[in-house]
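Chain by chain, the residues run as shown.
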Amino acid sequence: MNRRQFLQAGLSAGAVTWVGVSAPSIVASGAESPLKIAHREGNMLRTSSPGVYELAASIPGISGIEVHTTRSNLWDRDTVLAYKRESHRWNIRTISMGGSLPAGGTLLDPGPCEQFLRKTMRAGEILGARVVLVPGFRGTCPKMDDESSYGPVVQLLKKLGPVAEDSGIVLGLELSLTTAEYVKLLELVDHPAVRAYWDPTGTESMVHNGEGIKGIDVLGAKIVQMHLKNNRNPLMEEPGLVDWSKAWPAIRKSGFDGWFVFETPHPTPEACIEETTKNIAWVLKNWKAQG
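So, here's what we can say about the structure. (Residues numbered from 1 in each chain as written. Predicted model: local features only at pLDDT ≥ 70, side-chain atom pairs only at ≥ 80, totals over all residues. Heavy atoms only, no water.)

Observations regarding the overall build of the protein chain
Logical step 1: Broken down by element type, the protein chain carries 12 helices and 11 strands.
Logical step 2: Here the protein chain holds 291 residues, and 55% of them are scored as buried.
Logical step 3: The long-range fraction of contacts in the protein chain, counting pairs at least 24 apart against all pairs at least 6 apart in sequence, stands at 76%.
Logical step 4: Total accessible area on the protein chain stands at roughly 12,700 Å², and carbon and sulfur atoms take up 50% of it. (Helix = DSSP H or I, 4+ residues; strand = E, 2+ residues; numbered from the N terminus. Buried < 20%, exposed > 50% of the residue type's maximum accessible area, 1.4 Å probe, protein only. Contact = heavy atoms within 4.5 Å. Areas by Shrake-Rupley, 256 points an atom, 1.4 Å probe, with all protein chains shown as cover.)

Following this line, the structure appears as structure tokens:
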């Protein structure tokens, strides 16, 4: 389904109607949710499009989008303004900027990385995003036992922290570090606009056994945003790497009050609607069960 077909399919007498839910009831559902729940653009549509906001508006309980900056060409002013218009049209917030670095961009190359992050923050300002995701996995992640590796990263983040703060943005670090290494890095940077972007399942998948929940316990309010996925299964209710019966109590206790962002793959827009609706119901059920 191309963008035009998708948009046409979603329009009915000026209102969106997917899986039997009209636009007004979608808005009401999102407003009543006890959690702030979003989805990641890169996992909703195979090809980037401002139409992602219409798709999000068709899923009860979703009220935000994490856009994919570089894949969606959001350093381009005309493109970012098109996204902003659709965000306002469908009343879906752009809550964070994923894909902040282009292919080959890495925290370990501070000069180019600084320019990439500055451009992403400018795009985020236009869209009203409050978080810029800063990735660093395995070979592109600083080694916290080697000052020659982590030292330049600390200096870069110290430099960009005040820039982010002035823009109303937090740099959320999603790195393949242990909890103790995250604590060390954040203490060295020591700026409120540089925090952790936590992915319990992603952390477990990087062979940090038990760290997915431990990080929630230890980092707590230093976590600015959180990805939700269960290994590569589209539905969180299926067994995966994280014991969510322990994760939800840890999240409640931690003081985390940011957005939960689904990062689960879907083969089609229709599957995205169906599977995300089920995932949201599962999340809300487990959240409410904790008190």
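From this point, things continue past the structure.
Regarding the packing of aromatic side chains
Logical step 1: In this structure the tally under the stated criterion is 10 aromatic pairs.
Logical step 2: Ring centres 5.2 Å apart and planes at 35° place the aromatic pair tryptophan 244 and tryptophan 248 in the tilted group. One end of the pair is tryptophan 244 and the other is tryptophan 248, both in helix α11 (residues 244-254) and four residues apart, which spans about a single turn. Across the pair, exposure class does not vary: tryptophan 244 and tryptophan 248 are buried alike.
Logical step 3: Taking NZ or CZ as reference, arginine 252 lies 4.2 Å from the ring centre of tryptophan 287, over its face. (Phe/Tyr/Trp six-rings, centres within 6.5 Å; stacked < 30°, edge-to-face > 60°. Lys NZ or Arg CZ within 6 Å of the ring centre and 35° of its normal.)

Comments concerning the pairing of strand β4 (residues 37-40)
Taken residue by residue, a regular strand's side chains alternate between the two faces of the sheet.
Logical step 1: Burial of β4 is two-sided: the residues Ile37 and His39 facing one way and the residues Ala38 and Arg40 facing the other way are all buried.
Logical step 2: Direction of pairing for β4 relative to strand β11 (residues 259-262): parallel, over a ladder of three bridges. Looking across to β11, one finds that alanine 38 is bridged to valine 261.
Logical step 3: Of the strand pairs in this sheet, β4 and strand β5 (residues 64-68) are connected by three bridges, and their pairing is parallel. Of the residues in β5, the one forming a bridge with arginine 40 is glutamate 66. (Pairing = 2+ DSSP bridges.)

Describing the pattern of salt bridges
Logical step 1: Evaluation of the coordinates by the stated rule reveals eight salt bridges.
Logical step 2: One salt bridge in this structure joins glutamate 263 and arginine 40, with 3.6 Å as the shortest N-O distance. Placement of glutamate 263 in the loop between β11 and α12 (269-289) and of arginine 40 in strand β4 is noted, with a sequence separation of 223 residues between them. One exposure class covers both glutamate 263 and arginine 40, and it is buried.
Logical step 3: Where glutamate 274 meets lysine 278, a salt bridge forms, and the shortest distance between an N and an O atom there is 3.5 Å. Here glutamate 274 pairs with lysine 278, and both are found in helix α12, just four residues apart, close to one helical turn.
Logical step 4: Among the residues examined, glutamate 274 registers a relative accessible area of 45% and is labelled partly exposed. (Salt bridge = Lys/Arg side-chain N within 4 Å of Asp/Glu carboxyl O.)

What about the side chain of glutamate 263?
Logical step 1: The exposure class assigned to glutamate 263 is buried, which follows from its relative accessible area of 15%.
Logical step 2: Setting aside chain neighbours within four positions, we find glutamate 263 in contact with Arg40, Asn43, Asp199, His227, Leu228 and Lys229.

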